[in-house]
Amino acid sequence: SSKKQGITLNSAFITNPNGAALNVQGPLADPSKGKRTFIVLNGENSLADGPSYTDTPDNEDEKAVLFGEGQFIFSGSGSLSVTATGKSGIVSDDYLHFTAGTVTVNTSTSATVNGNDTLKPACIKGNDYVMVSGGTLNLTGSGTGCKGIKSDGNGYFYGGSVTVNVTGSNFGNSGNGGGPGWGNNSSNSVSAKGIKCEGNLVFKGGQVEVNCTAHEGIEAKGTITITNGEVYSYSASDDAINSGGDFTISGGYVYGRSAGNDGLDANGDFYLKGGVVYAIGTSSPEVAIDANTEERHSLY
């Protein structure tokens, strides 16, 4: 359809061993502009895929157990459990917005490469942005190169509760020594991170807890701004929280602990204006709070 639509899951248990459990391909009228799909959760629901996507029609795309060309908005008082073994858990080629309900995603899929086709799995992924304003997200990624939350745009955390545990190792030359067909090209590597946004990250409320084994716990290629809520991140081997630009904390509770790098790292200026901040880094040259002084940036 080219119209907005709603899908109510009312104690639905759907498994497709050969592809996506739910594949929302609308709108057919204009594939370049997705329409909103409201996912309403009633009762307990479960979606699962299989290890290989062999039933995908030639003219369609399936990137996850629950996949949509347009926007997904989650609501309702029920729960949804997603188990991904072939690709990602929940993916929208537009944006994802979680407002209510409990969503649990377990992804054991590992990154792979087949010619120029690269699979980079995530528990949830939005090609535009990812927003959480309510509800509960429980995300577990155990596959090599898997991410908990991946946004090709910005990330917004305004409320609710988010828990991310990523235990998989990195994949590729800069990760665990390379995978089949990757050669020595480090640009082909896929890192296993808790939350990664290509744009900016904004925290204004709610609770976010991230535990990551192989790479950054939380990373934004743009800026990070924390004004309220609770943000907890632990990385066993890299920065706990890393900003590609400025990093600003003006409120809330922030905990960044790294066992292998910086606790809180800004590649621009670092601004501490308020809130309660607890940061732990490893031994020199890594530190608890790092501003990019090499590029004439400072801690304020």
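Not measured: the values here are computed from a predicted model.

**A closer look at the overall build of the chain**
Right, on to step 1. The secondary structure content of the chain amounts to zero helices and 32 strands.
Right, on to step 2. Relative to its length of 300 residues, the chain is compact, with a C-alpha radius of gyration of 19 Å against a globular reference of 19 Å.
Right, on to step 3. Each principal axis of the C-alpha distribution contributes one length, and for the chain these read about 55 × 45 × 35 Å.
Right, on to step 4. Here the chain, with 300 residues, has 50% of them falling under the buried criterion.
Right, on to step 5. Taking the contacts inside the chain whose residues are at least 6 apart along the sequence as the reference set, 62% of them involve residues at least 24 apart.
Right, on to step 6. When the accessible area of the chain is evaluated, it comes to approximately 12300 Å², of which 44% is carbon and sulfur surface.
Right, on to step 7. Put simply, the chain has 18 plus and 29 minus side-chain charges, and the middle of one group is 6 Å from the middle of the other.

**Section: the pattern of salt bridges**
Pairs may arise between side chains of opposite charge once their charged atoms sit close together.
Right, on to step 1. Under the counting rule described, the total for this entry stands at nine salt bridges.
Right, on to step 2. If you follow the salt bridges from partner to partner, you end up with Lys125, Lys150, Asp152, Lys196 and Glu198 in one network.

**Thoughts on the packing of aromatic side chains**
Right, on to step 1. The tally for this structure, following the rule as stated, stands at ten aromatic pairs.
Right, on to step 2. Ring geometry for Phe157 and Phe203: centres 5.1 Å apart, planes at 10 degrees, overall stacked. Residue Phe157 is located in strand E18 (residues 155-157), and its partner Phe203 is located in strand E21 (residues 201-203); the two are separated by 46 residues in the primary sequence. Side by side, Phe157 and Phe203 carry an identical accessibility label, which is buried.
Right, on to step 3. Where Tyr271 meets Tyr300, the ring centres are 5.2 Å apart and the plane angle is 15 degrees; that geometry is what we call stacked. With Tyr271 in strand E30 (residues 270-272) and Tyr300 in the segment after strand E32 (289-290), this pair connects stretches of sequence that are 29 residues apart.
Right, on to step 4. One aromatic cluster is present, formed by Tyr95, Tyr129, Tyr156 and Tyr158 through successive ring pairs.

**So, the confidence of the model for the chain**
Right, on to step 1. For the chain, the mean per-residue pLDDT works out to 91, and 92% of the residues sit at or above 70.
Right, on to step 2. Taken as a whole, residues 175-185 scores under 50 in pLDDT and shows 23 contacts with residues more than four places along the chain or in a different chain.

**Some remarks on the sheet that holds strand E5 (residues 44-48)**
Right, on to step 1. Pairing is parallel in the open sheet, where ten strands are placed in the order E2-E5-E8-E11-E16-E19-E22-E25-E28-E31. The open sheet has two edge strands, strand E2 (13-15) and strand E31 (276-280), and neither has a second partner. Direction aside, the axes of adjacent strands within the sheet are offset by 5 degrees on average.
Right, on to step 2. Relative to E31, strand E28 (residues 253-258) runs parallel, the two being bridged by five bridges.

**With respect to the sheet that holds E21**
Right, on to step 1. Ordered by their spatial adjacency, ten strands build an open sheet running E1-E4-E7-E10-E15-E18-E21-E24-E27-E30, and the pairing between neighbours is parallel. Only two strands of the sheet have a single neighbouring strand rather than two, namely strand E1 (5-10) and E30. With direction set aside, neighbouring strand axes in the sheet form an average angle of 10 degrees.
Right, on to step 2. As paired elements, E1 and strand E4 (residues 37-42) share six bridges and run parallel to each other. Opposite Thr8, over in E4, you have Val40 as the bridge partner.

**Looking at the environment of Tyr300**
Right, on to step 1. The exposure class of Tyr300 is exposed, given its relative accessible area of 53%.
Right, on to step 2. A C-alpha to C-alpha distance of 39 Å links Tyr300 and Ile90, two positions 210 residues apart in sequence.
Right, on to step 3. Once residues within four sequence positions are removed from consideration, Tyr300 is found in contact with Asp269, Phe270, Tyr271 and Leu272.

**Considering the side chain of Lys125**
Right, on to step 1. Mapped onto the elements of the fold, Lys125 is located in strand E14 (residues 122-126).
Right, on to step 2. Here Asn127 takes part through its side chain, which lies 2.5 Å from a polar atom of the side chain of Lys125.
Right, on to step 3. Dropping the residues within four chain positions of it, Lys125 is found in contact with Ile90, Val91, Ser92, Leu96, Lys150 and Asp152.

Reading the values: the criteria
Residues numbered from 1 in each chain as written. Predicted model: local features only at pLDDT ≥ 70, side-chain atom pairs only at ≥ 80, totals over all residues. Heavy atoms only, no water. Helix = DSSP H or I, 4+ residues; strand = E, 2+ residues; numbered from the N terminus. Rg over C-alpha atoms; globule rule 2.2 N^0.38 Å. Buried < 20%, exposed > 50% of the residue type's maximum accessible area, 1.4 Å probe, protein only. Contact = heavy atoms within 4.5 Å. Areas by Shrake-Rupley, 256 points an atom, 1.4 Å probe, with all protein chains shown as cover. Lys, Arg positive; Asp, Glu negative; His and termini not counted. Charge placed at Lys NZ, Arg CZ, Asp CG, Glu CD. Salt bridge = Lys/Arg side-chain N within 4 Å of Asp/Glu carboxyl O. Phe/Tyr/Trp six-rings, centres within 6.5 Å; stacked < 30°, edge-to-face > 60°. pLDDT = per-residue confidence, 0-100. Pairing = 2+ DSSP bridges. Axes fitted to C-alpha atoms, helices over the stretch in contact; angles between N-to-C directions. Polar contact = N/O pair within 3.5 Å; in protein donor to acceptor, adjacent residues only side chain to side chain.

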